[in-house]
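Chain and residue survey
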Amino acid sequence: MSVAATSSASATASRFKVRRLGDALGAEVLGIDLRTPLDADDTQALLDIWMEHQVLVFPEQHVTDQQHVEFTRSFGDLEIFHQDIIRSKRVPEIFRVANVDEDGALMPPDHPTARQVSLAQFWHTDSSYRAVPCTGALLHGIEVSRTGGETQFTNMYAVYDALPEALRKQVEGRRALHDFGFLHVQQKLRPLSDAERSGMPAVWQPMVRTHPVTGRKSLYISPIYNEQIEGMSKEDSRALILELAAFAGQPQFVYSHRWETDDVVMWDNRCTMHQVTAFDPGERRVMHRTTILGDQPVAAA
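Residues numbered from 1 in each chain as written. Predicted model: local features only at pLDDT ≥ 70, side-chain atom pairs only at ≥ 80, totals over all residues. Heavy atoms only, no water.

**Some details on the sheet that holds strand 1 (residues 17-20)**
Taken in spatial order, the seven strands line up as 1-2-3-13-5-15-4 in an open sheet, and their pairing is mixed. The sheet is open, and its two edges are formed by strand 1 and strand 4 (95-98), each paired on a single side. Ignoring which end each strand starts from, the neighbouring axes of this sheet average 25° apart. Pairing analysis gives four bridges linking strand 1 to strand 2 (residues 27-30), with the strands arranged antiparallel. The partner of Arg20 across the bridge, within strand 2, is Ala27. Sitting on the sheet, helix 3 (residues 40-53) is in contact with strand 1, strand 2, strand 3 (55-58), strand 5 (136-143), strand 13 (264-268) and strand 15 (286-292), with an inclination near 125° to strand 3. Each of strand 5 and strand 15 touches helix 4 (residues 65-72); the most contacted strand, strand 15, lies at about 25° to it. (Pairing = 2+ DSSP bridges. Helix = DSSP H or I, 4+ residues; strand = E, 2+ residues; numbered from the N terminus. Axes fitted to C-alpha atoms, helices over the stretch in contact; angles between N-to-C directions. Contact = heavy atoms within 4.5 Å.)

Here it is as structure tokens:
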């Protein structure tokens with residue numbers, strides 16, 4: 001699909017009503033029931049809208065986990081999370097972003113699963129630690145928070161375009177290490193097992209990438225997984241990553257989604273980062289995610 005094609009989404013998607021949600025990114029899509037299979041034209045129309053807005057919100061979608069999975073298959077094969085700790089026991093394609101277990105019990109904040117899920121409160125992009133990271137994800141709000149728990153998305157195209165020259169020089173032509181194990185070390189989670197460590201080795205990814213559909217450049221970092229940058233000490237690497245994350249989190253780049261029950265939000269992991277705002281850990285929050293498997297390695301810009 002050409003860049004020109006993405007700009008004509010409104011003409012392509014005549015049966016969908018699209019409402020822009022923020023200046024930076026994000027759109028609400030009406031006129032769709034995720035329980036109904038998409039035909040080829042509707043699938044292409046949604047892809048066009050997605051490429052234009054990066055984040056799509058589908059409100060009032062009363063889907064089961066299996067319907068959620070089947071809708072996601074319209075856009076590619078599904079990634080299955082490599083750890084049992086968060087993967088659903090009932091529908092393995094579902095990644096549970098929840099402080100409630102599958103029997104319905106609220107987990108205390110120090111529960112290993114609750115602690116790992118809480119790390120979504122830092123900027124990241126999903127599965128960047130894979131040699132072929134995911135394409136995107138769809139998150140279903142089943143029990144939503146009223147004390148916070150908003151999901152914030154940042155437009156990494158716009159972030160890259162706005163980088164000051166000094167920062168741009170430090171990232172262009174460089175790679176950052178994306179290591180799932182670093183998440184566990186920095187947050188003092190339980191040590192990874194040998195099987196987990198060998199099954200998900202660290203990978204180097206370019207810090208500036210080219211989107212395979214739009215052809216646009218974006219900054220590509222995932223701070224919860226980035227321990228090191230090529231040619232820099234670990235200390236200097238982390239300082240730069242945190243500086244870049246703070247720059248990317250400025251309001252002009254961000255759309256913050258306040259959840260309603262049965263919202264489904266779809267985002268492109270190739271050109272966004274996201275994080276969850278803090279909420280009362282005594283409040284139930286249950287979100288189920290599907291993840292679209294990536295189909296090609298990250299292309300350096």
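**Focus on unusual backbone geometry**
Peptide bonds are, in most cases, trans, and in most cases residues other than glycine have a negative phi. One non-glycine residue, Ser127, lies in positive phi territory at about 55°. Residue position: Ser127 is located in the loop between helix 5 (112-118) and strand 5. Judged by its relative accessible area of 3%, Ser127 is buried. Here the phi dihedral of Asp262 falls at roughly 70°; this positive angle occurs in a residue that is not glycine. Its place among the elements puts Asp262 in the loop between strand 12 (254-257) and strand 13. (Buried < 20%, exposed > 50% of the residue type's maximum accessible area, 1.4 Å probe, protein only.)

**Observations regarding the packing of aromatic side chains**
What the rule picks out here adds up to ten aromatic pairs. Pairing Phe81 with Phe95 gives two aromatic rings, centres 4.8 Å apart and planes at 85°, and the pair type is edge-to-face. Taken together, the residues Phe81 in the loop between helix 4 and strand 4 and Phe95 in strand 4 connect sequence positions 14 residues apart. In this pair, the class of Phe81 matches that of Phe95, namely buried. Connected via pairs of aromatic rings, a cluster forms that spans Phe81, Phe95, Tyr129, Phe180 and Tyr225. Geometry around Tyr157 places Arg216 over its ring, the cationic atom sitting 4.0 Å from the centre. Residue placement shows Arg289 over the ring face of Phe95; its charged tip is 3.9 Å from the ring centre. (Phe/Tyr/Trp six-rings, centres within 6.5 Å; stacked < 30°, edge-to-face > 60°. Lys NZ or Arg CZ within 6 Å of the ring centre and 35° of its normal.)

**Structural notes on the sheet that holds strand 11 (residues 226-229)**
With antiparallel pairing, three strands are arranged side by side in an open sheet as 8-7-11. Two strands bound the open sheet, and with one partner strand each, they are strand 8 (203-206) and strand 11. When strand polarity is set aside, the average angle formed by the axes of neighbouring strands in this sheet is 35°. Two strands pair when backbone bridges link them, and strand 7 (residues 175-178) and strand 8 are joined in this way by four bridges, in the antiparallel orientation. When the bridges of strand 8 are listed, Leu177 appears paired with Trp204.

**What to know about the nonpolar core**
Core analysis: the biggest nonpolar cluster contains 27 residues, and Phe153, Phe180, Val265 and Trp267 have the highest contact counts within it. Not counting residues within four places of it along the chain, the set of residues in contact with Phe180 comprises Phe81, His82, Gln83, Gln116, Tyr129, Leu192, Met200 and Tyr225. Ranked by size, the runner-up nonpolar core spans 23 residues in total, among them Trp123, Tyr160, Ala176 and Leu244. (Core = buried A, V, L, I, M, F, W, Y, C linked by side-chain atoms within 4.5 Å.)

**What about the pattern of salt bridges?**
Where charged atoms from two side chains of opposite charge approach closely, those side chains can pair. One pass over the structure, following the stated rule, counts 17 salt bridges. Ionic pairing is found between Glu260 and Arg146, a salt bridge with its closest N-O pair at 2.7 Å. Within this pair, whereas Glu260 is found in the loop between strand 12 and strand 13, its partner Arg146 is found in the loop between strand 5 and strand 6 (151-155), the two being separated by 114 residues in sequence. Arg216 is the partner of Asp161 in a salt bridge, and the nearest nitrogen-oxygen pair spans 3.9 Å. Of this pair, Asp161 sits in helix 6 (residues 156-162) while Arg216 sits in the loop between strand 9 (208-210) and strand 10 (217-219); the two residues are 55 residues apart in sequence, bridging distant segments of the chain. Exposure remark for Asp161: the relative accessible area of 52% places this residue in the exposed category. (Salt bridge = Lys/Arg side-chain N within 4 Å of Asp/Glu carboxyl O.)

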